[in-house]
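# Summary of structural features
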Amino acid sequence: MSLQLTVPNMACDACAKNITNAIKALDTQATVAADPKTKQVNIETETDETSIREVLKQAGYPAT
């Protein structure tokens, strides 16, 4: 499944790395591209969107 989420409080490369790590903790096979400039996170995963949104929220980066 392909997801594109907006994460308004992703401000820097460290934020992007934290987001990537949070998603990969849920799905080690996920492909994650997080761009702090556009606030976009593109994800290829087998995990459902609700779980991805929940793990981002828990990491401090809620998606809109």
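Let me begin by describing the structure that accompanies this report. (Residues numbered from 1 in each chain as written. Predicted model: local features only at pLDDT ≥ 70, side-chain atom pairs only at ≥ 80, totals over all residues. Heavy atoms only, no water.)

## A few points about the side chain of Thr 47
This is how it is decided: Strands here are runs of E lasting at least two residues and helices are runs of H or I lasting at least four, both read from the DSSP assignment and numbered beginning at the N terminus. Should any heavy atoms of two residues lie within 4.5 Å, those residues are considered in contact.
Among the secondary structure elements, Thr 47 is positioned in the loop between strand S3 (40-44) and helix H2 (49-58). In contact with Thr 47, not counting residues within four places along its chain, are Met 1, Leu 26, Asp 27 and Ile 52.

## Structural notes on the nonpolar core
Inclusion rule: What makes a nonpolar core is a set of buried Ala, Val, Leu, Ile, Met, Phe, Trp, Tyr and Cys residues whose side-chain atoms join them at distances within 4.5 Å. With a 1.4 Å probe rolled over the protein chains alone, any residue whose accessible area is under 20% of its type maximum counts as buried; one over 50% counts as exposed, and the rest are partly exposed.
The biggest cluster of nonpolar side chains holds 16 residues, and the ones touching the most others in it are Ile 19, Ile 23 and Val 41. Secondary-structure elements contributing two or more residues to this core are strand S1 (2-6), helix H1 (13-26), S3 and H2. The element that contributes the greatest number of residues to this core is H1, accounting for four residues. With near-sequence residues (within four places) excluded, Ile 23 lies in contact with Ala 30, Val 32, Val 41, Ile 43, Ile 52, Val 55 and Leu 56.

## Comments concerning the side chain of Thr 45
This is how the line gets drawn: Any pair of N or O atoms that falls within 3.5 Å is considered a polar contact. Within protein, one atom must be able to donate a hydrogen and the other to accept it, and sequence-neighbouring residues count only if both atoms are side-chain atoms.
Relative to the elements of secondary structure, Thr 45 occurs in the loop between S3 and H2. Of the polar contacts made by the side chain of Thr 45, one reaches the backbone nitrogen of Thr 47; its length is 3.0 Å. Ignoring anything within four residues of it in the chain, the contact list for Thr 45 reads Met 1, Leu 3, Asp 27, Ala 30 and Ile 52.

## Side note on the pairing of S1
We count it as follows: Paired strands, as defined in this entry, are two strands with at least two bridges between them according to DSSP.
Alternating positions in S1 separate cleanly, Leu 3 and Leu 5 being buried on one face and Ser 2, Gln 4 and Thr 6 remaining unburied on the opposite face. One ladder, built from five bridges, connects S1 with S3; its direction is antiparallel. Directly across from Leu 3, in S3, lies its bridge partner Ile 43.

## Side note on the sheet that holds strand S2 (residues 31-35)
Under the convention used in this document: For every element, the axis is a line fit to its C-alpha atoms; helices are fit only across the contacting stretch, and the angle between N-to-C directions ranges from 0 to 180 degrees.
Strand order in the open sheet formed by three strands is S1-S3-S2, with antiparallel pairing between adjacent strands. A single partner strand is all that each edge strand has here, and the edge strands are S1 and S2. When the angles between neighbouring strand axes are averaged without regard to direction, this sheet yields 10°. Of the pairings in the sheet, the one linking S2 to S3 comprises five bridges and is antiparallel in character. Counterpart to Thr 31 in the pairing with S3 is Glu 44. Along the sheet face, H1 touches S2 and S3 and points at about 160° away from the line of S2. H2 rests against S1 and S3 of the sheet, and its axis sits at about 35° to S1.

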